[in-house]
Amino acid sequence: MSDYTVRAARAADIRGIHALLEPLVERRILLGKDLAILYGAVQEFVVAEVDGRLVGCGALHVMWEDLGEVRTLLVRDEFLHLGIGRAIVEELELRARELGLTRLFCLTFETGFFTRRGFEPIGEHIVDPDVYSQLLRSGDAGVEEFLDLAHVKPNTLGNTRMIKHLV
């Protein structure tokens with residue numbers, strides 16, 4: 001295998017990101033995202049390439065002044081266990097630090113992977129009541145999953161809510 005590169009996503013990558021997502025959406029591992037949503041979030045994404053082919057992606061979504069979420073992290077099955085997922089998360093963490101974030105959230109089935117990256121499972125109420133009430137107004141599904149709202153429970157079954165404190 002050739003070396004891989006991790007770089008900021010461009011608008012021209014969005015259809016490729018969408019194609020990467022589809023098998024995981026079909027297996028009910030990730031929720032589907034419309035192209036319009038992906039284009040609107042292109043600046044949140046990084047992609048991994050091997051020989052010019054997209055093999056992985058991940059996104060950093062800012063949720064609050066100190067809090068971000070690692071979203072839509074995936075690597076093609078044939079490129080797993082080569083360090084690509086780790087490199088994507090490291091790039092997202094770098095971006096989070098540059099933005100002044102001190103905590104990163106994720107919702108995942110892959111608890112071992114995220115534990116090795118310093119994430120820990122979280123319980124209830126990890127933001128103060130005022131921040132909670134502000135976040136309730138976001139209308140963002142990821143924020144609703146972070147808050148563990150009842151109406152998103154079907155999306156989160158089997159997933160673990162995890163957080164990492166950045167140093």
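See the structure above.
Worth saying up front: this structure is predicted, and the values here are computed from it rather than measured. (Residues numbered from 1 in each chain as written. Predicted model: local features only at pLDDT ≥ 70, side-chain atom pairs only at ≥ 80, totals over all residues. Heavy atoms only, no water.)

### Points about the pairing of strand 7 (residues 160-165)
Part 1 of the argument: As paired elements, strand 5 (residues 103-108) and strand 7 share six bridges and run antiparallel to each other. What sits directly across from Leu-104, in strand 7, is Lys-164.
Part 2 of the argument: Across two bridges, the pairing between strand 6 (residues 120-121) and strand 7 is antiparallel. Counted as the bridge partner of Glu-120 is Ile-163 from strand 7. (Pairing = 2+ DSSP bridges. Helix = DSSP H or I, 4+ residues; strand = E, 2+ residues; numbered from the N terminus.)

### Quick notes on the nonpolar core
Part 1 of the argument: Membership of the largest hydrophobic core comes to 21 residues, with the highest contact counts inside it found for Val-70, Ile-84, Ile-88, Leu-104, Phe-114 and Phe-119.
Part 2 of the argument: Of all the elements in the fold, those that place two or more residues in this core are strand 2 (45-50), strand 3 (53-64), strand 4 (67-75), helix 3 (84-98), strand 5 and helix 4 (111-116).
Part 3 of the argument: Sorting elements by how many residues they give to this core places helix 3 first, with five residues.
Part 4 of the argument: Leave out the neighbours within four places in its chain, and Ile-84 touches Tyr-4, Ala-48, Val-55, Val-75 and Phe-79. (Core = buried A, V, L, I, M, F, W, Y, C linked by side-chain atoms within 4.5 Å. Buried < 20%, exposed > 50% of the residue type's maximum accessible area, 1.4 Å probe, protein only. Contact = heavy atoms within 4.5 Å.)

### Examining the side chain of Glu-69
Part 1 of the argument: Locating Glu-69 in the fold gives a position in strand 4.
Part 2 of the argument: In terms of polar contacts, Glu-69 uses its side chain to reach the side chain of Arg-71, at 2.7 Å. (Polar contact = N/O pair within 3.5 Å; in protein donor to acceptor, adjacent residues only side chain to side chain.)

### Comments concerning helix 3
Part 1 of the argument: Spanning 15 residues, helix 3 covers 21 Å between terminal C-alpha atoms, matching the ideal 21 Å at 1.5 Å per step.
Part 2 of the argument: All buried positions along helix 3 are accounted for by Ile-84, Gly-85, Ala-87, Ile-88, Val-89, Leu-92, Glu-93, Arg-95 and Ala-96.
Part 3 of the argument: Taken from the residues just after helix 3, Gly-100 is the one with a positive phi, measuring 85°. (Expected span 1.5 Å × (residues − 1).)

### Some details on the pairing of strand 3
Regular strands have side chains that alternate between both faces of the sheet.
Part 1 of the argument: Taking burial as the measure, the twelve residues of strand 3 include nine buried ones, the bulk of the element.
Part 2 of the argument: Pairing between strand 2 and strand 3: six bridges, direction antiparallel. When the sheet's bridge partners are listed, Glu-49 is paired in strand 3 with Leu-54.
Part 3 of the argument: Hairpin connection from strand 2 to strand 3: two residues lie between these consecutive antiparallel strands, with Asp-51 at a positive phi of about 50°.
Part 4 of the argument: In terms of strand pairing, strand 3 meets strand 4 through seven bridges, oriented antiparallel. Across the sheet, the residue bridging to Leu-60 is Val-70, located in strand 4.

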